[in-house]
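Residue-level structure breakdown
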Amino acid sequence: MAIMSPVVDVHTHIYPPAYVSLLRSRSAVPYMRTFPDNPEAGERLVILPSEDAATSTARGRPIGPEYYEEEEKIKFMDQHNIDISVISLANPWLDWCEPADAPEAAKQINDDVEAVCARHPGRLYAFGTLPLSAGAPAVVEEIKRLQSLKHMRGVIIGTSGLGAGLDDPALHPIWQALQETKQLVFLHPHYGLPTSVYGDRAADYGHVLPLALGFPLETTISITRAILSGVFDTFSSLQILLAHSGGTLPFLAGRIESCIKHDGHLKSAGKIEGRKSVWDILKSNIYLDAVVYGDAGLKAAVEASGSDRLMFGTDHPFFPPLEEGEKEWLSVRTNAEAVKSVFGVKEAEDVMGGNAVRVLRLNE
Ligand code: 5CU
């Protein structure tokens, strides 16, 4: 009888105790707090400047134990038949942290997350957090230390890198260390696009424009800048997992490649020949999660990177059902159904877990 691969969720977040304490101690974004003049609002999480509206005591979004309690993660996994989760700190990580505080904060968060994983053997692994605001030497030190934590399988980073984006040469020692230690980089958006692009009526549409379009475009722009700057030519075995199926990279890869080939500035700088093409990079340096909520996006992803480079995810605890008490999450079902609809049995099994087990060594 064939042995089924476990179902693995590679895109699932947590705010561990050390991070929650930091958020509760702050009054500027990002922070967590209650509002005594509006107790029904409960505790709120405010992570985006646009959520920090001075006129509202119900700012941000409600935050409950599903964001920080490990038992809630396990309960969610059991309810959705997820065998293994590779948990990562949710945005905005330590991007905002004072440089002097960031190395210790990263260490505490990573130790917390490691302890959470150790309490659930075989069910939880993790991507570590980096003290990016502290600069490259501190980051490299934490990357090396992560190797001693048994459940760490890579790192999560935002699109700003050290503050100047992913085409910043100051990131090179970090790419080098990640390549050398064979740690997968999970690239995740947070900043979106400037709010002006959404127009005057954006607030009428809730969070739809920044989440549905801002996040994926942010990821697309940041990885394209990395590609254009030659990151994957210099660090040819660096591996990056892109959130939300690469934003729009799979769909736009042909256009990006064509724009490169038709660019006079790049030609005169001698940067068109001898580089890895966008298509080569998608097939040898990029993994994509399958968090794209539909067949069309998933087909673009598999066409670009191949079914062996796609991995199921949920984005838990974000996108919960709007109705209280619903046990099955629509967001999870939509992603799992798209995998079933697009792939045959063997490929679907790989995407749902087999690829993650292989790539992240979850059977060691
Ligand atoms: O709903 C949101 O804002 C988010 C977020 O902040 N991070 C994430 O991973 N998914 C949704």
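Here, the structure is the one placed above.
Quick look at the structure, then. From a predicted model like this one, the values you see are computed outputs, not experimental measurements.

Details of the sheet that holds strand β4 (residues 61-62)
- The antiparallel open sheet is built from 3 strands, whose spatial order is β2-β3-β4. Unpaired on one side and paired on the other, β2 (31-33) and β4 mark the two borders of the sheet.
- Taken together, the 2 bridges between strand β3 (residues 44-46) and β4 define a ladder with antiparallel strand orientation. By the bridge assignment for β4, R44 is matched with P62.

Some points on the sheet that holds strand β6 (residues 124-129)
- Read from one edge to the other, the open sheet built from 8 strands follows the order β1-β5-β6-β7-β8-β9-β10-β11, with strand pairing classed as parallel. This sheet does not close on itself; its edge strands, each paired only once, are β1 (8-14) and β11 (310-311).
- With respect to the sheet, helix α2 (residues 70-79) is in contact with β1, β5 (84-89) and β6, its orientation differing from that of β1 by roughly 150°.

Some words on the environment of F232
- Considering the arrangement of structural elements, one finds F232 in helix α7 (residues 231-234).
- The class of F232 is buried, set by a relative accessible area of 1%.
- For the pair F232 and K267, spaced 35 residues apart in sequence, the C-alpha separation works out to 19 Å.
- When sequence neighbours within four positions are dropped, the list of residues in contact with F232 reads I223, A226, I227, L238, I240, K276, I281, N285 and I286.

With respect to helix α6 (residues 208-228)
- When the terminal C-alpha atoms of α6 are compared, their 29 Å separation across 21 residues agrees well with the 30 Å that a helix rising 1.5 Å per residue should span.
- Considering bend angle alone, the principal kink of α6 is centred on G214 and spans about 35°; proline P216 follows within four residues of it.
- Regarding α6, the residues found buried are G214, F215, P216, E218, T219, T220, S222, I223, T224, A226 and I227.
- In the stretch just after α6, G230 is the one whose phi turns positive, near 85°.

A few points about the side chain of N335
- Inspection of the secondary structure assignment puts N335 in helix α12 (residues 330-342).
- Apart from the residues within four sequence positions on either side, N335 is in contact with A290, V291, V292, Y293, F312 and G313.

As for the packing of aromatic side chains
- Within the structure shown, the criterion is met by 7 aromatic pairs.
- Ring centres of F76 and W329 lie 5.0 Å apart, and the angle between their planes is 65°; this geometry places the pair in the edge-to-face category. Taken together, the positions of F76 in helix α2 and W329 in the loop between β11 and α12 put the pair 253 residues apart, joining distant regions of the chain. One exposure class covers both F76 and W329, and it is buried.
- Among the aromatic side chains, those forming a connected cluster through ring pairs are Y15, Y19, Y67, W96 and F318.
- In this structure, R24 packs its charged tip against the face of Y68, placed 5.5 Å from the ring centre.

Some remarks on the site of the ligand
- Taken together, H13, I47, R61, N91, H188, L211, F215, D315, F318 and F319 make up the full set of residues near the ligand.
- H13 is positioned such that a nitrogen or oxygen atom in its side chain is 3.3 Å from an oxygen atom of the ligand.
- Within the side chain of D315, an N or O atom sits 3.0 Å from an oxygen atom of the ligand.
- Taken together, the residues of the shell around the ligand sort by class into 5 nonpolar, 3 polar and 2 charged.

Examining the pattern of salt bridges
- In this structure the tally under the stated criterion is 16 salt bridges.
- The closest approach of N and O atoms between R119 and E70, which form a salt bridge, is 2.8 Å. Here R119, found in the loop between α3 (102-118) and β6, pairs with E70, found in helix α2; they are 49 residues apart in sequence, far enough to count as distant.
- On the accessibility criterion, E70 (16% relative accessible area) is buried.
- A salt bridge links K75 to E72; the nearest nitrogen and oxygen atoms lie 3.5 Å apart. Of this pair, K75 and E72 both sit in helix α2, separated by 3 residues, roughly a single helical turn.
- When salt bridges that share partners are traced, they join K107, D111, E142 and R145 into one network.

Thresholds applied
Throughout this document, residue positions are counted from 1 along each chain, in the order its sequence is written. Per-residue local features of the predicted model are confined to residues with pLDDT of at least 70, and side-chain atom pairs are confined, for both listing and counting, to 80 or more; whole-chain, interface and lining totals are unaffected and use all residues. Side-chain metrics rest on all non-hydrogen atoms present in the structure, leaving aside hydrogens and water. Whether two strands pair comes down to DSSP finding at least two bridges between them. Each helix is a run of DSSP H or I of at least 4 residues and each strand a run of E of at least 2, with the numbering of both proceeding from the N terminus. Residue contacts are defined here by distance: any two heavy atoms, one from each residue, within 4.5 Å place the two residues in contact. Throughout, an axis means a line fitted to C-alpha atoms (over the contacting stretch in the case of helices), and angles, computed between N-to-C directions, take values from 0 to 180 degrees. Remark: exposure states derive from per-residue accessible area (1.4 Å probe, protein chains only) relative to the maximum for the residue type, with buried under 20%, exposed over 50%, and partly exposed in between. Expected span of a helix, by definition, is 1.5 Å for each gap between consecutive residues, and there is one gap fewer than residues. Working definition for bend: take the seven residues up to and ending at a residue and the seven starting at it, fit an axis to each, and measure the angle between the axes. Any pair of Phe, Tyr and Trp rings, taking the six-membered ring for Trp, is counted once the centres come within 6.5 Å. Such a pair is stacked with planes under 30 degrees apart, edge-to-face with planes over 60 apart, and tilted for the rest. Definition used: whenever NZ (Lys) or CZ (Arg) falls within 6 Å of the ring centre and also within 35 degrees of the ring normal, the charge is taken to sit over that ring. It suffices for a single heavy atom of a residue to lie within 4 Å of a molecule or strand for the residue to be listed as near it. Any N or O atom pair separated by 3.5 Å or less is treated as a polar contact, with the protein-specific requirement of one donor-capable and one acceptor-capable atom, and with residues adjacent in sequence counted only for side-chain atom pairs. Charged residues are taken to be Asp, Glu, Lys and Arg, nonpolar residues to be Ala, Val, Leu, Ile, Met, Phe, Trp, Tyr, Cys and Pro, and polar residues to be all remaining types, Gly included. Salt bridges are counted wherever a side-chain nitrogen of Lys or Arg sits within 4 Å of a carboxyl oxygen of Asp or Glu.

On their own, these measurements won't tell you what the molecule is for.
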